[in-house]
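# Descriptive analysis of the structure
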Amino acid sequence: MNDPMNEWLKLAFTPTDTPEKGRLSPEEKKRLEMLNTSILSEVKEREEMGKYGNYCKKSAQAAAAAAVLVLAFGSVSAAAAYHFLNPSQVATEADNPKLAAAFQENGSLFINETQTFADYEVTLLGSTAGKNISDSVPENIPADEIYAVLALKRTDGTPIPKAGTPEYAKEKNYFPSFYIHGLDPARYNLDGMNGSYTFFEKNGVQYYIIAMSNIEMFADKGIYVGLCTAGEYGDYNPDAYTLDEASGNVTRQKDFSGVNALFVLPVDKSKANPQKAEKFLQELNNPVSGQLPAEEQKRMEAYEKISPLVWEYYENTLTQENITSLCDLIEAQTAMPDKDGVLTYSHLIGNDYIDYYTEKQSMHVKDDTPGVLNFENSYSLDFEEDCQTIKSVEFVTYLVNPDGSVTKSRYRLNQKALSELKDFCQSRLKDDAAANSQNTAKVPKPTHAQAPQRQAEKHPVWEAQKAGGI
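Residues numbered from 1 in each chain as written. Predicted model: local features only at pLDDT ≥ 70, side-chain atom pairs only at ≥ 80, totals over all residues. Heavy atoms only, no water.

### Brief notes about the side chain of Asn401
Structurally, Asn401 can be placed in the loop between β15 (390–400) and β16 (406–413). Exposure remark for Asn401: the relative accessible area of 16% places this residue in the buried category. (Helix = DSSP H or I, 4+ residues; strand = E, 2+ residues; numbered from the N terminus. Buried < 20%, exposed > 50% of the residue type's maximum accessible area, 1.4 Å probe, protein only.)

### Things to note about the packing of aromatic side chains
Tallying each qualifying case throughout the model produces 19 aromatic pairs. When the centroid spacing of 6.0 Å and the interplanar angle of 25 degrees are considered together, the rings of Phe375 and Phe395 count as stacked. Taken together, the positions of Phe375 in strand β14 (residues 373–383) and Phe395 in strand β15 put the pair 20 residues apart, joining distant regions of the chain. The same class applies to Phe375 and to Phe395, which are both buried. Members of the aromatic cluster, connected to one another through ring pairs, are Phe175, Tyr179, Tyr197, Phe199, Tyr208, Tyr236 and Tyr241. Above the plane of the ring of Tyr188 lies Arg187, whose end atom (NZ or CZ) is 4.7 Å from the centre. (Phe/Tyr/Trp six-rings, centres within 6.5 Å; stacked < 30°, edge-to-face > 60°. Lys NZ or Arg CZ within 6 Å of the ring centre and 35° of its normal.)

### As for the environment of Tyr357
Examined against the element boundaries, Tyr357 turns out to sit in strand β13 (residues 353–360). For the pair formed by Tyr357 and Lys170, sequence separation is 187 residues and the distance between their alpha carbons is 7.3 Å. Setting aside chain neighbours within four positions, we find Tyr357 in contact with Ala169, Gln333, Leu343, Thr344, Tyr345, Ser346, His347 and Lys408. In terms of polar contacts, Tyr357 uses its side chain to reach the side chain of Lys408, at 3.0 Å. (Contact = heavy atoms within 4.5 Å. Polar contact = N/O pair within 3.5 Å; in protein donor to acceptor, adjacent residues only side chain to side chain.)

### Concerning the confidence of the model for the protein chain
This prediction gives the protein chain a mean pLDDT of 79; 73% of its residues lie at or above 70. Overall, residues 445–470 carries pLDDT values under 50, and its contacts beyond four positions in sequence, including any with other chains, amount to 48 contacts. (pLDDT = per-residue confidence, 0-100.)

### Considerations on the environment of Gly226
Within the secondary structure, Gly226 sits in strand β7 (residues 223–229). Taking the C-alpha atoms as reference, Gly226 lies 9.6 Å from Asn189; in sequence the two are 37 residues apart.

### Re helix α8 (residues 294–317)
If you check α8, its first and last C-alpha atoms are 34 Å apart, about what 24 residues at 1.5 Å a residue would give, namely 34 Å. Bending of α8 peaks at approximately 40 degrees at the position of Ile306, with proline Pro308 no more than four residues after it. Three or more residues of α8 are buried, namely Arg299, Ala302, Tyr303, Ile306, Ser307, Pro308, Leu309, Val310, Trp311, Tyr313, Tyr314 and Glu315. Structurally, α8 contributes buried residues whose contacts are with α9 (323–326), β14, β15, β16 and α11 (415–435). (Expected span 1.5 Å × (residues − 1). Bend = angle between axes of the 7 residues up to and from the residue.)

### Notes on the sheet that holds strand β10 (residues 260–265)
Sheet strands pair via backbone hydrogen bonds, and the direction of the pair is either parallel or antiparallel. Strand order across the open sheet formed by three strands is β4-β7-β10, with antiparallel pairing between neighbours. Since the sheet does not close on itself, it has two edges, and those belong to β4 (174–180) and β10, each with one partner. The mean angle between the axes of side-by-side strands here comes to 15 degrees, regardless of whether they run parallel or antiparallel. With six bridges joining them, β7 and β10 adopt antiparallel strand pairing. Within the sheet, the bridge partner assigned to Val225 lies in β10 and is Phe263. (Pairing = 2+ DSSP bridges. Axes fitted to C-alpha atoms, helices over the stretch in contact; angles between N-to-C directions.)

### Side note on the sheet that holds β15
Pairing is antiparallel in the open sheet, where four strands are placed in the order β11-β16-β15-β14. Of all strands in the sheet, those bounded by a partner on one side alone are β11 (327–335) and β14. Across the sheet, the mean angle from the axis of one strand to that of its neighbour is 15 degrees, orientation sign disregarded. Of the strand pairs in this sheet, β11 and β16 are connected by eight bridges, and their pairing is antiparallel. The residue of β16 that forms the bridge with Asp328 is Arg412. Sitting on the sheet, α8 touches β14, β15 and β16, and the angle it makes with β14 is about 150 degrees. Along the sheet face, α11 touches β15 and β16 and points at about 115 degrees away from the line of β15.

Here it is as structure tokens:
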């Protein structure tokens, strides 16, 4: 690993003025002087940033570094060139000063434990918990939450690409989460327990802040923090961890090919509360359905009623031959797949920021014959303000070109097609209403047999809105 501290230690302990084999060359002496300057500069910077606190455990390497610095320069007040921001700094970078202050309070855990995988190192930097300790929670909402901060870096020292670049878009997704001893991680993870996370890249390191309702009441059982290579859709990866039913231990899957770091959070066991833990699980497993606003409820009912009919029209009417007469082309991008079949496209955020994202060609292109149009297995459906009238339908197609590149196009139904679709839906709904004495029957969702050509394996079209549309 190309570690400046390791390099500095190696050079510092190599004789510079003896004829023995292995003495420093003039170039190495110059490099040592440069590293010394860099280390002292880092020390000064850390002194100036003392408000963040010193959270790192003192390692043997740090102790050796201190000894050499004292020999070489007399004395200094700090002697470690840290790889990472500390948890308070990470929160500051994430524009969360309230959480940054919470990490400086007594009771916060500073862990700095690292696990190494083939290409990456994962470090659990720290954790804190409390009521209303984050700027992401409105002040008028009482929230008792727990937070953890993780860092991800490459083992060879090369930086993780800057965000908003094509190189960054090709990076794998990772899923951070809390887990609880004795509970299935596939069910009780950050998604399943209604948590959230944010992440950013800084100086070649990717940082994660994860948050959820405070689960310190499980301290007597055991709490874990993990970071794993994400599943197919950026969520929990069912192959990363496993639960031992006999012991209740959550462990890493040994044959997992990606990253599946798992740390035991050293929570004070006196914070355990079995009664609160039981109530937490009951509320999690039996959520109380909240009353949606009338307009949102109306929109949901419209989706439930209209979406299957739109799918039927989309699946049975649109073809490669009539797409230009029934749809308007919104945009098109062409990308060449890399050696792993990954396509990199871009999209505009706001007025002037371009971001990049990747897609696996095999996930979207079922027929890679050049010139054959592949329709995506989902669409975006929008309604007018009355939450009943269809406003627009958009969808995506993929086409492999003779040179192997793939053109991704986004279409919108034109007025002619939209009028046909509205007439089709009204006719079908009228027939269904007449056939149902209650006049409230819901049109059944299409089955695999009804839509064999474009039926998505995991994202059926009537869930297009749930998946975020196009």
